[in-house]
Amino acid sequence: PVLVLGLVLVLGGRAGGGGGCQLPAEWRPLSEGCRAELAAIIVYARVLALHPDPYGAYNYLPWQRDLPGGPQQGAGDLFYSAEIELLCDQAWGSMLEVPAGSRLNLTGLGYFSCHSHTVMQGYAYFFFLRMDENYILLPHGVNFQEAIFPDTQENRRMFASLFQFSNCSQPQHMLSFSSDWEIQEDNRLMCSSVQKALFEEEDRVKKLQQKVATLEKRNKQLRDRVKKVKRSLRQARKNSRHMELVNRKLSEKLSSAGGQIPYINSLKQENSHGTYLKV
């Protein structure tokens, strides 16, 4: 299954184009306890049987839409549904009112382009589930993270508090981890407040970054204005030097022509005297 999944991920990345598998920019990983608070339904169940699923609203790969033979071609055995039997009542707070021993059908399983929801027949799992508008049960990948957890000692301990007072057909599995239930429950209740504080801190940091970006923009505008002023000052100095050069040349011309001025004055005096005698 791991080899098949790797191949599907590679093909999905190539066929999906440049978009690839990208998480939102604001995405942050959440612990299983925090995600359990947000999951719509949590059950502890055993897989009784697996059934191949045809192409559908929840089972498709990006490149299947453009296949010549239709979207059903190329899916193979990548998608399937599972018949599960609840080993306990649903977890506290779950939106599913069915008792232990109930059998349900779960679809949306298999190998997808960016994730996988896989189970094996005969094994037990903890499921995060949701129900769509048609009352179809699907894995609930809260925060784009894992929705199916294998029945291991670590996962039993992690989810023990969720099933502490439930009617389990195999109570020894859950009750063996009941000693630290109060601590787990306290941690679970604190999770929302801690996450809220973290998100508020991230919002505060984001606002500060926006203010810094605004100040940097204003600083850039001021630098541009200073550049313009310096450019104008350099132009003014250049014009001043040019005017000094012009004035110097004009002064030189005037000084060179200064010797002719007395002769011109004498001619004026003679002409004025002759005119007086004639009159």
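Please read all numbers here as calculations on a predicted model, not as lab measurements.

Undergrad: I tried to follow the nonpolar core on my own but got confused; where do I start?
TA: Ile-42, Val-119, Phe-127, Phe-128 and Phe-163 are the most contacted members of the largest nonpolar core, which totals 36 residues. Elements represented by at least two residues in this core include exactly strand S1 (41–52), strand S2 (79–86), strand S3 (103–111), strand S5 (124–131) and strand S7 (148–150). Residues contacting Phe-127, with those up to four places away along its chain left out, are Ile-41, Ile-42, Val-43, Ala-45, Val-47, Ile-84, Leu-106, Val-119, Ala-147 and Ile-148.

Undergrad: Would you mind showing me how to read the environment of Leu-50 here?
TA: Position of Leu-50 relative to the elements: it lies in strand S1. For Leu-50, a relative accessible area of 31% translates into the label partly exposed. For the pair Leu-50 and Ile-84, spaced 34 residues apart in the sequence, the C-alpha separation amounts to 9.1 Å. Apart from the residues lying within four places of it in its own chain, the contact partners of Leu-50 are Tyr-80, Ser-81, Ala-82, Val-119, Met-120 and Gln-121.

Undergrad: Can you walk me through the pattern of salt bridges in this structure?
TA: If charged atoms from side chains of opposite charge come close, those side chains can pair. Counted by the stated rule, this structure contains four salt bridges. For Asp-151, the salt bridge goes to Arg-156, with nearest N and O atoms at 2.6 Å. Classification of Arg-156 as buried rests on a relative accessible area of 12%. Its salt-bridge partner being Asp-224, residue Lys-220 comes within 3.5 Å of it at the nearest N-O pair. With a gap of four residues between them, Lys-220 and Asp-224 both fall in helix H5 (residues 181–256), about one helical turn apart. Residue classification places Lys-220 among the partly exposed positions, given a relative accessible area of 47%.

Undergrad: Just to check I follow, could you spell out the pairing of S2 for this structure?
TA: Put simply, side chains in a regular strand alternate between the two faces of the sheet. Of all eight residues in S2, seven are buried; the element is thus mostly enclosed. By the bridge criterion, seven bridges tie S1 to S2 in an arrangement that is antiparallel. Looking across to S2, one finds that Ala-45 is bridged to Leu-86. With six bridges joining them, S2 and S3 adopt antiparallel strand pairing. Bridge pairing in S3 places Tyr-80 opposite Leu-109.

Undergrad: What is the right way to look at unusual backbone geometry in this model?
TA: Among all residues save glycine, negative phi is the norm, and among peptide bonds the norm is trans. A positive phi angle, close to 65°, is found at Tyr-135, a residue other than glycine. Looking at where Tyr-135 falls in the secondary structure, it is placed in the loop between S5 and strand S6 (137–139). For Tyr-135, a relative accessible area of 69% puts it in the exposed group.

Undergrad: Where do I start with the pairing of S5 in this structure?
TA: Within S5, six of the eight residues are buried, which leaves the element mostly enclosed by the surrounding structure. Of the pairings in the sheet, the one linking S1 to S5 comprises six bridges and is antiparallel in character. In the sheet register, Ala-45 faces S5, and the bridge partner there is Tyr-125. Judged from the three bridges that link them, S5 and S7 form a sheet pairing that is antiparallel. Counterpart to Phe-127 in the pairing with S7 is Ile-148.

Calculation rules
Residues numbered from 1 in each chain as written. Predicted model: local features only at pLDDT ≥ 70, side-chain atom pairs only at ≥ 80, totals over all residues. Heavy atoms only, no water. Core = buried A, V, L, I, M, F, W, Y, C linked by side-chain atoms within 4.5 Å. Buried < 20%, exposed > 50% of the residue type's maximum accessible area, 1.4 Å probe, protein only. Helix = DSSP H or I, 4+ residues; strand = E, 2+ residues; numbered from the N terminus. Contact = heavy atoms within 4.5 Å. Salt bridge = Lys/Arg side-chain N within 4 Å of Asp/Glu carboxyl O. Pairing = 2+ DSSP bridges.

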